[in-house]
Protein chains: 4
Amino acid sequence: MIRWNNDYNHTAHPAILQALAECGQEGFDGYGQDRWCREAADRIRQLLGPDGRDADVQFLSGGTQSNLTVITAALRPVESVICAASGHIHAHETGSIEATGHKVLALPSDDGKIDPALLERELERFYADPAQEHLTIPKLVYLSFPSEFGTLYSLAELEEIHGLCRKYGLYLFLDGARLGYGLTAPTNDVTLADIARLTDVFYLGGTKCGAMIGEAVVLLNRQLQRDFRFYMKQRGAVLAKGWLMGLQFAVLLRGGAPGTKEEPLYFSETRRAAEYAMTLRDAFRTKGIPFFVESPTNQQFVVLSDDQLQSLEDAGHLVEYMDRTDETHRCVRFCTSWSTRPEDLEKLLADIAQL
Amino acid sequence: MIRWNNDYNHTAHPAILQALAECGQEGFDGYGQDRWCREAADRIRQLLGPDGRDADVQFLSGGTQSNLTVITAALRPVESVICAASGHIHAHETGSIEATGHKVLALPSDDGKIDPALLERELERFYADPAQEHLTIPKLVYLSFPSEFGTLYSLAELEEIHGLCRKYGLYLFLDGARLGYGLTAPTNDVTLADIARLTDVFYLGGTKCGAMIGEAVVLLNRQLQRDFRFYMKQRGAVLAKGWLMGLQFAVLLRGGAPGTKEEPLYFSETRRAAEYAMTLRDAFRTKGIPFFVESPTNQQFVVLSDDQLQSLEDAGHLVEYMDRTDETHRCVRFCTSWSTRPEDLEKLLADIAQL
Amino acid sequence: MIRWNNDYNHTAHPAILQALAECGQEGFDGYGQDRWCREAADRIRQLLGPDGRDADVQFLSGGTQSNLTVITAALRPVESVICAASGHIHAHETGSIEATGHKVLALPSDDGKIDPALLERELERFYADPAQEHLTIPKLVYLSFPSEFGTLYSLAELEEIHGLCRKYGLYLFLDGARLGYGLTAPTNDVTLADIARLTDVFYLGGTKCGAMIGEAVVLLNRQLQRDFRFYMKQRGAVLAKGWLMGLQFAVLLRGGAPGTKEEPLYFSETRRAAEYAMTLRDAFRTKGIPFFVESPTNQQFVVLSDDQLQSLEDAGHLVEYMDRTDETHRCVRFCTSWSTRPEDLEKLLADIAQL
Amino acid sequence: MIRWNNDYNHTAHPAILQALAECGQEGFDGYGQDRWCREAADRIRQLLGPDGRDADVQFLSGGTQSNLTVITAALRPVESVICAASGHIHAHETGSIEATGHKVLALPSDDGKIDPALLERELERFYADPAQEHLTIPKLVYLSFPSEFGTLYSLAELEEIHGLCRKYGLYLFLDGARLGYGLTAPTNDVTLADIARLTDVFYLGGTKCGAMIGEAVVLLNRQLQRDFRFYMKQRGAVLAKGWLMGLQFAVLLRGGAPGTKEEPLYFSETRRAAEYAMTLRDAFRTKGIPFFVESPTNQQFVVLSDDQLQSLEDAGHLVEYMDRTDETHRCVRFCTSWSTRPEDLEKLLADIAQL
């Protein structure tokens, strides 16, 4: 069986397992106050450039935990979050944001991205309402980069959303669970330095980009840095053995500048996965298989007939089922990842060609 | 100035003020444990018929408070509420339900009502989802009768929604802030006995139907009765001088059966307002003024040109502004109520005729 | 039966009922945006003196509601409240503060008051803790004036607590549910102007001081004023017919300066009750009946033998039971209030003399 | 430097790191639906005996997360938790339980344990209170085994607390973050089968007993099993790569019955640490160094003079500071653990002998 169903089905990049084994006999201070966490945080600040120089970096164990901890720390009880209707916090986290007391305002979206025009209208509507106090105050924009459908914001779009956030006093929070796949996508024009300049808080996802566990939450806005570790502890997000996460990010981020030959594993491994995904996309396109959404990153959403799906499954490919699109077709997700092997891709391409 | 802007702009029906004055020198037990509350609760149970015989009746001071107290008492943290997108809890209560930790799933709706077909699809979708645990569990349907747009569910529609709730294990909660106006609307075919049979909890609104303050929450489902007064106290909804609310409901509900000559003020006064509203509706219709939504109850939503609106305001009519519909028109609400005087209606009809 | 059990067993002062009757035919704007609320708020600001000039005054319907709304508006999720163990929010409000997400740190107390030395130790302990982030951040001191046992802080004590709050960055919140009885107590040396100077937020209780319903929350600290009405709406604390509360406070507060012949009913009526309570206290003392706590205000807590209690109950006096102190004695509360009649006091004094 | 400061300062038992390395090239299903989690859960059920046959076992990443997820799943909003004042949820988790909306009722305790007599009094007091609805409903007893001070409940004590929970309808929740050290303590008379029989939910701690990360939450009461994974997801406690935790518990729990030669690492390694701790205890005792609390498990709390402390630190021993006991003495914690080496113990014993 070859697993295309998601990008978190293998333990961790071998370099991580090796580093882990090497320090098995060493003692560390707890709760993320150790040399690995310091190294990883320093390295992240270095990658962010001037706007990230004073960033606070904290390591949390997963996406839902990171999302709810950041949002509960950022908002007062009458404030709310705006996101796309497909936003992970709205669609797939069991009401975790509401469980911290906040309303999520979901904007309609076909491609997983926030339409800046819709966002502006929502904000204008609130500020024009004479009975404003019967509404929640929009205070944070949540977006995913790449989105849940694998799509990317252009730099221009990010700047427009950033501008609206500044104009109306909102925080901008970028969920980067798959950030590596986004930054290394061939069509991407956004850099880590741009993200440091345009957002108030974001995270570099580890779990889906080569680590066993861990998201590196980067708090740029000083207001959000304040007491953040209290929020982490309160939400059960302080790992006793914090060095486990620091070590993983340190290993993944060691090396030269992204885009160079010496770029860190975090970039080289996701870059390879993005290239595989583009090859895969071409194969589906050649075959005339339609896409549910056009994605430039490691997640590809295609609409297969039940026969096509059966045929690929019979050939040993494991995929993730999305919604049915009609009685004989279904949307299906294929993910490449740092753990995808070249020979797996070759086999899938061959099997698609046979459809 | 004649106030058509809402149905809560006068203190209370004179019979209430008189009863209040009469017991000014009398002492009472606190927290709703008094003879007035007992009388009002008994009277309500009597009006509900056999399905309401064991109902628990509690008096709370307002709609938002009643909604949030009932919902926090009904739901476990991973459970959510379904309502129409215009539902008061979703649109106009400052995220009060999310503040108790629960997601509100809002169904699209043009007329303020839940479409049973949409409701069924939503429930089917949840129960068919293999990754169900990433979603909240729909557990309560909230609907308003009349809706926020003045519309009414037919008995058939209520029974269909009730059936879906039973099938999927949801509570049905009816917000009756304007229940009097709904029950006495000329086209209504729903009785209090039907509501007692079909819902798990509902309230008879007092504030908008002749009282100074107070909503009578009727808990039919035993599961919801359990510890309900703890929830009231925790949410600040136990009034020290509870008899103030009991007295008002007792005064409004004394008399014979609804629809008879001796019907209680709660019905006769809202019936009169509903008749006024129908006369008003005819006047707009005659004039060719379009309705935003067709309403059979005391709230009428019409689309006026800015000139027409100005003209009516100049004549001394106070209305409530809703959204603009285009650059020169606006949706406007006219409410009749127990406090509307015949001469006020006459003047408004004459002024509309002049438009 | 003569009711000494509490100070909220009669509807309202006759002047309020009369004013209510007089405006029965008048229309008002809703949600507290009316001339009565403006008059009452202006009057309160005038009574507060220079430190209250920019105060925001809002009318809420009860004590628990006021407490939870103020505290949820004041605190971020990792912040907590400090109060005496007998503090109403800790001991008698069904966990309402925890239900908004905040820990209550209860300081041991014999007399219902916070001991400033204990408060200081608690704050020092927190700021000295190297693992601070495993604790909540103390951010608000809640105290009652008079306390739940009828005791009063001296001006010196209030200033000391105020000083600690300033030193450690805490808000000071004074629950004045019985403020009238405190301000007019013979031994009291605290004025409304002192309270305006020393606290960040407090309320003048109406329910227990002559009104039907209502607490006037006075927000002095600008930080707390911000968006406060959003919090009120979210917690169900915006009354549709807000003028009902404005009117009551306006009627109770009209007149000259407190302590003068023309002082408002809010002061003259509670002053009378405080005098009655002192007479009552003397009667118990004369009889050798011990006090549970020595109180200078309208609540008197005495320890009666079961025989004594039976004898007073047989004579028609209704009291409130507190805890048993031993197998044959019980602590019992006697309250005087604005509604206590001279002849009732005479009868009670006579009956005590007979014990 | 030799780390005695805590029992979570080394990565993981070598057997775990080896197993991890061995399956580095294998793919798994996500979210804990994998063969490792199944193996670990089956093994735990086997160890529990007949009362644990139908237990649901879930793997969470840490103690605070486990505590808050279990408690939010167990309680309705008006219900509260009872624990000892030193209980971790009360004293060291940043108000995490209150953040889920629940009051924590802390019973005074000198040794970290709940006194059954105090517990009974608290429950009796609640059920005797005529104004019960102004209080929260006690619904869950939380205790730690071993306690935060290393002490243990005897089987008789656990049975007494269990009996009170049954009598008054409370859940019994046992925090077993250090369960291994408790079960293998020389004086312990409680077995896993007893725990399965007497509690409604408990956990076997991994983080402090040899694992990198993970607590195995065992839900015995069917009521608590219901929808538990929804609560996990909502609180950010579902790890994408769940097999990481399953693997660790499987490795730690493989083998024969506890107490036999073939007992699993979970028992043999903590047993060794407990023996070391007893040796250490004897060394302090011999030296006349007083204990803050007498502990039969791997945590030893002693009161050292500042000179003694300095001397041990100079010799390279790292300990954890607790409160000062007077101006020249401080309580200090020494922990042994699965990662303590015999030579480290020897050195510490020698250095103590020199004090």
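Residues numbered from 1 in each chain as written. Chains lettered and ligands numbered in written order. Predicted model: local features only at pLDDT ≥ 70, side-chain atom pairs only at ≥ 80, totals over all residues. Heavy atoms only, no water.

1. Quick look at the pattern of salt bridges
We count it as follows: In what follows, salt bridge is the name for a side-chain nitrogen of Lys or Arg lying within 4 Å of a carboxyl oxygen of Asp or Glu. Counting from the N terminus, the helices are the DSSP runs of H or I reaching at least four residues and the strands are the DSSP runs of E reaching at least two. Burial classes follow relative accessibility: with a 1.4 Å probe on protein chains only, a residue under 20% of its type's maximum area counts as buried, one over 50% as exposed, and anything between as partly exposed.
Taken as a whole, this structure holds 96 salt bridges over all chains when the rule is applied. Across the salt bridge formed by arginine 222 of chain B and aspartate 54 of chain B, the nearest N and O atoms sit 3.5 Å from each other. Of this pair, arginine 222 of chain B sits in helix 10 (residues 222–225) while aspartate 54 of chain B sits in the loop between helix 2 (35–48) and strand 2 (56–60), and the two are 168 residues apart along the sequence. Per residue, the accessibility class of arginine 222 of chain B equals that of aspartate 54 of chain B, and both read exposed. Its salt-bridge partner being glutamate 269 of chain C, residue arginine 272 of chain C comes within 3.2 Å of it at the nearest N-O pair. Remark: glutamate 269 of chain C and arginine 272 of chain C occur in helix 13 (residues 265–286); sequence separation between them is three residues, near one turn of the helix. Given the relative accessible area of 21%, arginine 272 of chain C is considered partly exposed. Residue glutamate 269 of chain C is classed as buried on the basis of its relative accessible area of 15%. Overlapping salt bridges, with partners in common, bring together Arg76 and Glu79 of chain A together with Arg226 and Asp227 of chain C in one network.

2. Observations regarding the interface of chain D and chain C
For the record, the criterion: Contacts between residues were defined by any pair of non-hydrogen atoms, one from each residue, lying within 4.5 Å. Once two parts are joined, some of their accessible surface, as seen by a 1.4 Å probe, is lost; buried area is that loss totalled over both. Distance and chemistry together define a polar contact, namely a pair of N or O atoms within 3.5 Å, with one atom able to donate a hydrogen and the other to accept it when in protein, and with adjacent residues in sequence counting only for side-chain atoms on both sides.
Each side of the interface is counted separately: chain D has 16 residues, and chain C has 17 residues. It is Thr94, Glu98 and Lys103 of chain D that lose the most area in chain D upon contact with chain C, and together they represent 41% of the buried surface on that side. Taken together, the links from chain D to chain C amount to two salt bridges. When the shortest N-O distance is used, the salt bridge between glutamate 98 of chain D and lysine 103 of chain C registers 2.6 Å. Applying the counting rule to chain D against chain C returns 10 residue pairs in polar contact (both at pLDDT 80 or more).

3. As for the relation of the copies chain D and chain A
As a reminder, the rule being used: Least squares is the method for superposing the copies, and the C-alpha atoms it fits come from residues with pLDDT of at least 70 in both.
The operation relating chain D to chain A is a screw motion whose rotation component is 180 degrees, with 0.0 Å of axial translation and a residual RMSD of 0.0 Å. Such a combination of rotation and displacement between the chain copies is what one expects of a two-fold axis. Here 100% of the interface residues in chain D have copies in chain A that are interface residues too; the copies meet face to matching face.

4. Describing the state of the cysteines
Residue and element names in this part refer to chain A. Note the threshold: Two cysteine sulfurs form what is called a disulfide whenever their separation falls within 2.5 Å.
Within this structure, the stated rule accounts for zero disulfides over all chains. Of all cysteine sulfurs in the structure, the one in cysteine 335 sits closest to cysteine 331, which takes part in no disulfide; the separation is 11 Å. The class for cysteine 331 is buried, based on a relative accessible area of 2%. Taking relative accessible area as the criterion, cysteine 335 reaches 1% and is therefore assigned buried.

5. Observations concerning the sheet that holds strand 12 (residues 320–326) of chain A
Residue and element names in this part refer to chain A. Let me state the cut-off plainly: Strands were regarded as paired on the criterion that DSSP finds at least two bridges between them. Angular values range over 0 to 180 degrees, each being the angle between N-to-C directions of two axes fitted as lines to C-alpha atoms, with helices fitted over their stretch in contact.
In spatial order, the strands read 9-10-13-12; together these four strands make up an open sheet with antiparallel pairing. Among the strands making up the open sheet, the edge pair consists of strand 9 (291–293) and strand 12. On average, each strand axis in the sheet is inclined to that of its neighbour by 35 degrees, with strand direction left out of account. Where strand 12 meets strand 13 (residues 329–335), four bridges bridge the pair, whose relative direction is antiparallel. Bridged to arginine 324 within strand 13 is arginine 330. Taken strand by strand, helix 13 (residues 265–286) contacts strand 9, strand 10 (299–305) and strand 13, and its axis lies near 20 degrees from that of strand 10. Relative to strand 10, helix 14 (residues 306–314) is tilted by about 115 degrees, and along the sheet it contacts strand 10, strand 12 and strand 13.

6. Some remarks on the environment of glycine 62 of chain D
Residue and element names in this part refer to chain D. Take glycine 62: it is sitting in the loop between strand 2 (56–60) and helix 3 (63–74). Given the relative accessible area of 15%, glycine 62 is considered buried. For the pair formed by glycine 62 and glutamate 215, sequence separation is 153 residues and the distance between their alpha carbons is 5.9 Å.

7. Quick word on the pairing of strand 2 (residues 56–60) of chain A
Residue and element names in this part refer to chain A. Taking burial as the measure, the five residues of strand 2 include five buried ones, the bulk of the element. Direction of pairing for strand 2 relative to strand 8 (residues 215–219): antiparallel, over a ladder of five bridges. Pairing of phenylalanine 59 across the sheet is with alanine 216, part of strand 8.

8. Details of the sheet that holds strand 8 of chain A
Residues and elements named next belong to chain A. Spatially, seven strands are ordered 2-8-7-6-5-3-4 in an open sheet, and the strand pairing comes out mixed. Looking at strand neighbours, the two that pair on one side only are strand 2 and strand 4 (104–107), the edges of this open sheet. Averaged over all pairs of adjacent strands, the angle between their axes in this sheet comes to 25 degrees, without regard to strand direction. As defined by bridge partners, strand 7 (residues 201–205) adjoins strand 8 across five bridges and the pair is classed as antiparallel. Across the sheet, glycine 205 pairs through a bridge with glutamate 215, a residue of strand 8. Here helix 12 (residues 243–253) sits on the sheet and contacts strand 2, strand 7 and strand 8; the angle it forms with strand 2, its principal contact strand, is near 115 degrees.

9. Overview of the relation of the copies chain D and chain C
Superposing chain D onto chain C requires a rotation of 180 degrees together with a translation of 0.0 Å along the rotation axis, leaving an RMSD of 0.0 Å. Comparing interface residues between copies, 100% of those in chain D also lie at the interface in chain C; the contact surface is shared.

10. Brief notes about the confidence of the model for chain A
So the rule is basically this: One confidence number per residue, pLDDT, is output by the predictor and ranges from 0 to 100.
Here chain A averages 97 in pLDDT, while 100% of its residues score no lower than 70. Both confidence scores are given for the complex: pTM 0.97, ipTM 0.97.

11. Digging into the interface of chain D and chain A
Where we set the bar: Three classes are used, and their members are as follows: Ala, Val, Leu, Ile, Met, Phe, Trp, Tyr, Cys and Pro are nonpolar, Asp, Glu, Lys and Arg are charged, and the others, Gly among them, are polar.
Residue-level contacts link 42 residues of chain D with 42 residues of chain A. Across the chain D to chain A interface the summed buried area is about 3,600 Å²; carbon plus sulfur atoms make up 54%. Note that arginine 3 of chain D and aspartate 29 of chain A form a salt bridge whose closest N and O atoms lie 2.8 Å from each other. Looking at the side of chain D that touches chain A, the elements that each hand over two or more residues are helix 1 (14–22), helix 3, helix 5 (96–99), helix 11 (228–234) and helix 12 (243–253) of chain D. Broken down by class, the residue content of the side of chain D that touches chain A amounts to 19 nonpolar, 16 polar and seven charged.

12. A word on empty space enclosed by the protein
Stated precisely, the cut-off is as follows: Definitions used for this entry: grid spacing 1 Å over protein atoms alone; cavity, a set of points where a 1.4 Å probe fits but cannot get out; pocket, an open set with protein on both sides within 12 Å along at least 5 of 7 lines; lining residue, one with an atom within 4 Å of a point. Grid points are joined across faces, edges and corners, and a volume is the space filled by probe spheres set on the points.
According to the stated counting rule, one finds eight cavities of 30 Å³ or more in the structure shown. Its volume calculated, the largest cavity comes out at about 490 Å³. Lining of the largest cavity is provided by 37 residues; of these, Ala99 and Thr100 of chain A, Ala99 of chain B, Ala99 of chain C together with Ala99 of chain D occupy positions nearest its centre.

13. Section: the packing of helix 1 of chain D against helix 12 of chain D
Residues and elements named next belong to chain D. Stated precisely, the cut-off is as follows: Here is the rule for angles: anything less than 35 degrees is roughly parallel, anything more than 145 is roughly antiparallel, 65 through 115 is roughly perpendicular, and the remaining ranges are oblique. Crossing chirality is assigned from the near helix's rotation relative to the far helix, an anticlockwise turn below a right angle marking it left-handed and a clockwise turn marking it right-handed.
Contact geometry of helix 1 with helix 12 gives a least axis separation of 9 Å together with a crossing angle of 130 degrees. One finds that helix 1 runs oblique with respect to helix 12. Judged by the sense of rotation from one axis to the other, the crossing of helix 1 with helix 12 is right-handed. Across from Ala15, Ile16, Ala19 and Leu20 in helix 1, the residues of helix 12 making contact are Leu244, Leu247, Gln248, Val251 and Leu252.

14. Digging into the packing of helix 12 (residues 243–253) of chain C against helix 13 of chain C
Residues and elements named next belong to chain C. At a minimum axis distance of 6 Å, the contact between helix 12 and helix 13 shows a crossing angle of 70 degrees. Of the possible angle classes, the one that applies to helix 12 and helix 13 is roughly perpendicular. Contacts between helix 12 and helix 13 involve Val251, Leu252 and Leu253 from the former and Leu265, Tyr266 and Phe267 from the latter. Looking at the contact of helix 12 with helix 13 residue by residue, the class counts come to six nonpolar, no polar and no charged.

15. Overview of the side chain of histidine 13 of chain C
All names here are of chain C. With respect to the helices and strands, the residue histidine 13 is situated in the loop between strand 1 (2–3) and helix 1 (14–22). Owing to a relative accessible area of 13%, histidine 13 belongs among the buried residues under this scheme. Those residues within four positions of histidine 13 in sequence are excluded, and the remaining contacts are Gly210, Leu265, Glu269 and Trp338.

16. Quick word on helix 7 (residues 155–168) of chain D
All names here are of chain D. Selection criterion: Helix span, as expected, comes to 1.5 Å for every residue beyond the first.
The first and last C-alpha atoms of helix 7 sit 20 Å apart over 14 residues, in line with the 20 Å expected at 1.5 Å per residue. Among the residues making up helix 7, those that are buried are Leu155, Leu158, Ile161, His162, Leu164, Cys165 and Tyr168. Buried residues along helix 7 sit in contact with helix 6 (116–128), strand 5 (137–144), strand 6 (171–175) and helix 9 (192–198). Phi turns positive, to about 70 degrees, at glycine 169, one or two residues after helix 7.

17. Regarding unusual backbone geometry
Residues phenylalanine 145 of chain C and proline 146 of chain C are joined by a peptide bond in cis, for which omega reads -10 degrees. Relative to the helices and strands, proline 146 of chain C is located in the loop between strand 5 (137–144) and helix 7 (155–168). Notably, threonine 94 of chain D is not glycine yet its phi reads approximately 50 degrees, a positive angle. Within the secondary structure layout, threonine 94 of chain D lies in the loop between helix 4 (88–91) and helix 5.

18. Quick notes on the packing of aromatic side chains
Let me state the cut-off plainly: Pairing of aromatic side chains here covers Phe, Tyr and the six-membered ring of Trp, requires ring centres within 6.5 Å, and sorts the geometry by plane angle: under 30 degrees stacked, over 60 edge-to-face, intermediate tilted. Definition used: whenever NZ (Lys) or CZ (Arg) falls within 6 Å of the ring centre and also within 35 degrees of the ring normal, the charge is taken to sit over that ring.
In this structure the tally under the stated criterion is 45 aromatic pairs over all chains. Centroid distance phenylalanine 59 of chain B to phenylalanine 249 of chain B: 5.5 Å. Interplanar angle 35 degrees. Geometry classified as tilted. In this pair, phenylalanine 59 of chain B is assigned in strand 2 and phenylalanine 249 of chain B in helix 12 (residues 243–253), connecting sequence segments 190 residues apart. Take phenylalanine 59 of chain B: its relative accessible area is 7%, and that puts it in the buried class. When its relative accessible area of 1% is taken as the criterion, phenylalanine 249 of chain B is described as buried. Members of the aromatic cluster, joined through ring pairs, are Phe126, Tyr127 and Tyr168 of chain B together with Phe230 of chain D. Lying across the ring of tyrosine 171 of chain A, lysine 139 of chain A places its NZ or CZ 5.2 Å from the centre. Above the ring of tyrosine 153 of chain B, the side-chain terminus of lysine 113 of chain B is found at 5.5 Å from the ring centroid.

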